[in-house]
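Read off the chains here:
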Amino acid sequence: TSSNVEFPAVLLNTSTGEIESEFHMYVQPQEHPILSEFCTELTGIKQNQVDEGVPLNICLSQFSKWIQKIQKEKKITFNSDVSSHSVSEAKSSTFVTWSDWDLGVCLQYECKRKQLRKPDILNSWIDLRATYKVRESIDYMGKNVSPPSQRIKNR
């Protein structure tokens with residue numbers, strides 16, 4: 001079973017490229033408290049970092065508070081929001097990930113196993129990797145050359 005051991009998020013202003021706010025917590029793995037060598041090599045996260053982290057339910061609660069704070073301060077809204085801001089003054093925002101794994105698989109199943117409610121705001125995101133692959137395929141359609149990601153895999 002997979003567990004979230006880190007929960008990072010940034011609010012990126014896509015107009016300026018500036019990070020406007022950051023959230024970061026290490027999560028204590030409850031089911032398998034000792035990180036595997038594979039996990040440590042993959043993530044670079046060390047055992048003492050998760051030992052000093054918080055359980056997932058606390059992390060999700062803190063994340064929700066952070067989201068509420070930036071929504072109010074920055075007047076942003078997410079697709080899944082029922083926002084109190086008028087449509088004209090709220091800035092539309094979304095979560096962006098590199099695959100569906102973190103939000104669509106790992107967090108989903110961990111919340112289910114632990115009987116935790118996954119925040120509704122985390123039920124919608126853009127999979128940047130899938131978007132990149134579609135774009136890459138469009139760029140190479142009709143040309144007698146494979147996309148760069150395929151050339152790398154085939155080496």
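Described in the following lines is the structure provided in the data block. (Residues numbered from 1 in each chain as written. Predicted model: local features only at pLDDT ≥ 70, side-chain atom pairs only at ≥ 80, totals over all residues. Heavy atoms only, no water.)

1. Let's talk about the side chain of Ser-93
Consideration 1: Along the chain, Ser-93 turns up in strand E4 (residues 91–93).
Consideration 2: The exposure class assigned to Ser-93 is buried, which follows from its relative accessible area of 15%.
Consideration 3: Setting aside anything within four residues of it in sequence, one finds Ser-93 in contact with Ile-76, Thr-77, Phe-78 and Asn-79. (Helix = DSSP H or I, 4+ residues; strand = E, 2+ residues; numbered from the N terminus. Buried < 20%, exposed > 50% of the residue type's maximum accessible area, 1.4 Å probe, protein only. Contact = heavy atoms within 4.5 Å.)

2. A look at the pattern of salt bridges
Two side chains of opposite charge can pair, provided their charged atoms sit close to one another.
Consideration 1: A full pass over the atoms with the stated rule returns five salt bridges.
Consideration 2: Residues Glu-20 and Lys-74 are paired through a salt bridge, measuring 3.7 Å at the closest nitrogen-oxygen approach. One end of the pair, Glu-20, is in strand E2 (residues 19–26); the other, Lys-74, is in helix H3 (residues 56–74), and 54 residues separate them in sequence.
Consideration 3: Overall, Glu-20 belongs to the partly exposed group, its relative accessible area being 33%. (Salt bridge = Lys/Arg side-chain N within 4 Å of Asp/Glu carboxyl O.)

3. Focus: the packing of aromatic side chains
Consideration 1: One pass over the full model with this rule turns up eight aromatic pairs.
Consideration 2: With centroids separated by 6.2 Å and ring planes inclined at 85°, the aromatic side chains of Phe-7 and Phe-23 adopt a geometry described as edge-to-face. With Phe-7 in strand E1 (residues 6–12) and Phe-23 in strand E2, this pair connects stretches of sequence that are 16 residues apart. Across this residue pair, the class does not change: Phe-7 and Phe-23 are buried.
Consideration 3: For the pair Phe-78 and Phe-95, a centre-to-centre distance of 4.8 Å together with 10° between the ring planes defines the contact as stacked. Highlighted residues: Phe-78 in strand E3 (residues 76–78) and Phe-95 in strand E5 (residues 95–97), separated in sequence by 17 residues. For the residue pair Phe-78 and Phe-95, the accessibility class agrees, reading buried in each case.
Consideration 4: Taken together, the ring pairs in this structure connect Phe-7, Phe-23, Phe-63, Trp-66, Phe-78 and Phe-95 into an aromatic cluster. (Phe/Tyr/Trp six-rings, centres within 6.5 Å; stacked < 30°, edge-to-face > 60°.)

4. As for the nonpolar core
Consideration 1: Phe-7, Phe-63, Ile-67, Phe-95, Leu-107 and Leu-122 are the most contacted members of the largest nonpolar core, which has 21 residues in total.
Consideration 2: With seven residues, the top contributor of residues to this core is H3.
Consideration 3: Not counting the four nearest positions on each side in its chain, Phe-95 is found in contact with Phe-63, Ile-67, Phe-78, Leu-103, Ile-121, Leu-122, Ser-124, Trp-125 and Ile-126. (Core = buried A, V, L, I, M, F, W, Y, C linked by side-chain atoms within 4.5 Å.)

5. Considerations on the environment of Leu-103
Consideration 1: On the secondary structure map, Leu-103 appears in helix H4 (residues 101–113).
Consideration 2: For Leu-103, a relative accessible area of 9% puts it in the buried group.
Consideration 3: Along the sequence, Leu-103 and Ser-124 sit 21 residues apart, while their C-alpha atoms lie 8.6 Å from each other.
Consideration 4: Once you skip the residues sitting within four places of it in the chain, Leu-103 turns out to touch Phe-95, Thr-97, Gln-108, Lys-118, Leu-122 and Trp-125.

6. Focus: H4
Consideration 1: Of all the bends found along H4, the most pronounced is centred on Leu-107 and spans about 30°.
Consideration 2: Those residues of H4 that sit buried are Leu-103, Cys-106, Leu-107, Glu-110 and Cys-111.
Consideration 3: Of the surrounding elements, those touching the buried residues of H4 are E1, H3, E5 and strand E6 (125–127).
Consideration 4: Just downstream of H4 lies Gln-115, where phi reads positive at about 55°. (Bend = angle between axes of the 7 residues up to and from the residue.)

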